[in-house]
Amino acid sequence: MSDKITFSELALLYELNKRTSAKRLASFPEELKYFVMLAMSIVGAENAKRINETPQAVVDDSEGFVSKLLSLADAKSDDRFRHVLESCLIESLKDELRFNCTNCLNFNRCIDINSLSVGELFMKRMGGDESESLRKEISIAVENALKNTPYAESEDAHKHCSRFEHNYSSTSVAEVFGRYAEIATELKHEYNLDYSEVQAAMLQLNMDFYEKSKSREN
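A.B. asks: What's the story with the overall build of the protein chain in this structure? I'm lost.
C.D. replies: Counting its regular elements, the protein chain contains ten helices and zero strands. Listed by position from the N terminus, the elements making up the protein chain come as α-α-α-α-α-α-α-α-α-α. The C-alpha radius of gyration computed for the protein chain amounts to 18 Å, which stays within 12% of the reference 17 Å derived for 218 residues, consistent with globular compactness. Put simply, the protein chain shows about 12300 Å² of open surface, and 51% of that area lies on carbon and sulfur atoms. Averaging the coordinates of the 27 positive side-chain charges in the protein chain and doing the same for the 37 negative ones gives two points 4 Å apart.

Here it is, written out as structure tokens:
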């Protein structure tokens, strides 16, 4: 895979993650925004170190960022943080399982990633150009690319697109649930997360995913 395509994928992932984070923050009251940022960072770091493709430098940076945030306030003893952490963990799993364009095996083909110029723009940013004009240009390029994926915000892309094929099959998704169960166990030990609450949500999500997968196969 060429550097241009790799950086196009990174640019798309960065922008999509930024939008997801903004939506997540907006779904909580202002007084909980710090807890939400911390919780999202913790879940992201826990996922990063369990996904083999994640570079070690990214894992180290993620864990370092979490440590810095934890040093700013005593979140562990606050029940509000525990509830926020549980919510962010479940929402992160939902994001991976959603039946939308970004979770489709044909996503790169639909956005025609081979011809995108955003990879070259993102390479400039990774090279040190943090100008507002470049960031805006990247954002516009991503927005234009996503016009070819009209169901990026959908929960039921499988009902609208004949080419939809989820990244996870009804069998391979077990690895995802295993990863989140492992994270939940770790967070229960570290932050007193209510494992039974997360487990109940995971069971429901598993059933929902199975039903949607079966309806797509039929």
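A.B. asks: Would you mind going over the packing of helix 4 (residues 79-97) against helix 9 (residues 173-191) with me for this structure?
C.D. replies: Between two packed helices, both the angle of their axes relative to each other and the distance between the axes serve to describe the pair. Between helix 4 and helix 9, the shortest axis-to-axis distance is 11 Å and the interhelical angle comes to 170°. By the criterion of interaxial angle, the relationship of helix 4 to helix 9 is roughly antiparallel. Here helix 4 contributes Phe81, Arg82, Leu85, Leu89, Ser92, Leu93, Glu96 and Leu97 to the contact with helix 9, which in turn contributes Val173, Val176, Phe177, Arg179, Tyr180, Ile183, Ala184, Leu187 and Tyr191. In terms of residue class, the contact of helix 4 with helix 9 is made up of 13 nonpolar, one polar and three charged.

A.B. asks: I tried to follow unusual backbone geometry on my own but got confused; where do I start?
C.D. replies: Backbone phi values are negative for most residues with the exception of glycine, while trans is the configuration of most peptide bonds. Positive phi is not limited to glycine here, since Asp112 has a value of about 55°. Mapped onto the fold, Asp112 is located in the loop between helix 5 (107-110) and helix 6 (118-126). With a phi angle near 60°, Asn192 is a residue other than glycine that sits in the positive phi range. Turning to its location among the elements, Asn192 is positioned in the loop between helix 9 and helix 10 (195-217).

Cut-off values and rules
- Residues numbered from 1 in each chain as written.
- Predicted model: local features only at pLDDT ≥ 70, side-chain atom pairs only at ≥ 80, totals over all residues.
- Heavy atoms only, no water.
- Helix = DSSP H or I, 4+ residues; strand = E, 2+ residues; numbered from the N terminus.
- Rg over C-alpha atoms; globule rule 2.2 N^0.38 Å.
- Areas by Shrake-Rupley, 256 points an atom, 1.4 Å probe, with all protein chains shown as cover.
- Lys, Arg positive; Asp, Glu negative; His and termini not counted.
- Charge placed at Lys NZ, Arg CZ, Asp CG, Glu CD.
- Axes fitted to C-alpha atoms, helices over the stretch in contact; angles between N-to-C directions.
- Parallel < 35°, antiparallel > 145°, perpendicular 65-115°, else oblique.
- Contact = heavy atoms within 4.5 Å.
- Nonpolar A, V, L, I, M, F, W, Y, C, P; charged D, E, K, R; others polar.

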